Amino acid sequence: MKSLNIRAAKEQDLISISQLYDRVTTALETGINYCGWAKGFYPTAETAQSAFDKNRLYLVEQEQQVVGSFVLSQDFEPCYEQAQWSLPSDYSKILVVHTLAVDPAHAGKGIGKKILDFVCQHGTSLGITSIRLDTYEKNLPAIALYEGCGFRFAGKVDLGRSDRGLDWFHCYEKLLPCSDT
């Protein structure tokens, strides 16, 4: 695999990330939509802008082309409290991954794994104890990625998206070695 660069997004990256979201949602319209994302609904340019405004947007570059993106925060869905996490829900020591997207032209090339490796290393450097995320229950490629990267299934929750046919989401967690212990 060619060298990847993962970094915090800059304002000038927002157009490229929005274009990435467009490529992902266009591909989902023409194939199997494992994640339930919808063009013009989620993720959008507004999704990227909101995450950027809060300093939470990251991108993956390969040869100066955006091939992936994700959001890191300590925000969680209220229904996360229903999951069976390994640690108490003190989100000051927990990072949550949102909107992990890989360009369809680069799918299956290990970019998702590189993102999760980065998130875990970054979290460890910040003294984070746990990485959490969720995915639609039928998103089999994401489930395989998360489990292959050592994430533990923590239960299923209702994110309130049943109006779009997305009834259940699986929660995953990976414990990190504490850097301050």
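Preceding block: the structure.
In this text the structure is predicted, and so the values were computed from the model without any measurement.

Asker: Would you explain the packing of aromatic side chains in this entry?
Answerer: What describes a pair of aromatic rings is the distance from one ring centre to the other and the angle between the planes of the rings. The full count for this structure, using the stated rule, is 10 aromatic pairs. Taking the centre distance of 5.9 Å and the plane angle of 55° together, the rings of Tyr 58 and Phe 118 count as tilted. Placement of Tyr 58 in strand E2 (residues 57–62) and of Phe 118 in helix H3 (residues 111–125) is noted, with a sequence separation of 60 residues between them. Classification of Tyr 58 as buried rests on a relative accessible area of 11%. Ring centres of Tyr 146 and Tyr 172 lie 5.9 Å apart, and the angle between their planes is 55°; this geometry places the pair in the tilted category. Of the two residues, Tyr 146 is situated in helix H4 (residues 140–148) and Tyr 172 in strand E7 (residues 169–175); the sequence distance between them amounts to 26 residues. Taking the relative accessible area as the measure of exposure, Tyr 146 reaches 7% and is therefore buried. Among the residues examined, Tyr 172 registers a relative accessible area of 1% and is labelled buried. Grouped by ring-pair contacts, the aromatic residues Tyr 146, Phe 151, Phe 153 and Tyr 172 constitute a single cluster.

Asker: Would you mind showing me how to read H3 here?
Answerer: The periodicity of an α-helix, 3.6 residues per turn, causes residues three or four places apart in sequence to face the same way. The end-to-end C-alpha distance of H3, which contains 15 residues, comes to 21 Å, matching closely the 21 Å that a straight helix rising 1.5 Å per residue would cover. Those residues of H3 not exposed but buried are Ile 111, Gly 112, Ile 115, Leu 116, Phe 118, Val 119, Cys 120 and Gly 123. Taken from the residues just after H3, Gly 127 is the one with a positive phi, measuring 80°.

Asker: When you look at the environment of Val 102 in this model, what are you seeing that I'm missing?
Answerer: When you line up the elements, Val 102 lands in strand E4 (residues 94–102). Spatially, the C-alpha atom of Val 102 lies 11 Å from that of Asp 22, the residues being 80 residues apart in sequence. In this view, Val 102 contacts Leu 20, Val 24, Val 67, Gly 68, Ala 107, Ile 111, Gly 112 and Ile 115; residues no more than four positions away in its chain are not counted.

Asker: I'm lost on unusual backbone geometry in this one. Help?
Answerer: Leave glycine aside and you will find that most residues have negative phi; peptide bonds, for their part, are mostly trans. A cis amide bond, omega -10°, links Tyr 42 with the succeeding residue Pro 43. Mapping Pro 43 onto the fold places it in the loop between helix H1 (14–30) and helix H2 (45–53). The backbone of Gln 64 sits at a positive phi, close to 65°, despite the residue not being glycine. Tracing the backbone through its elements, the reader meets Gln 64 in the loop between E2 and strand E3 (65–73).

The rules behind each value
Sequence positions are assigned chain by chain, starting from 1 and proceeding in written order. Under the rules for a predicted model, residues below a pLDDT of 70 receive no local features and side-chain atom pairs below 80 are neither given nor counted, while totals for whole chains, interfaces and linings still include all residues. Values shown for side chains rest on all heavy atoms present in the structure; no hydrogens or waters enter the calculation. Any Phe, Tyr or Trp ring, taking Trp's six-membered ring, that has another such ring centre within 6.5 Å forms a pair; planes under 30 degrees apart are called stacked, those over 60 apart edge-to-face, and the others tilted. Helix and strand definitions follow DSSP, with helices as H or I runs of at least four residues and strands as E runs of at least two, each counted in order from the N terminus. Remark: exposure states derive from per-residue accessible area (1.4 Å probe, protein chains only) relative to the maximum for the residue type, with buried under 20%, exposed over 50%, and partly exposed in between. By this rule the span expected of a helix is its residue count minus one, scaled by 1.5 Å. Contacts were defined at the residue level, with two residues in contact if any of their heavy atoms lie within 4.5 Å.

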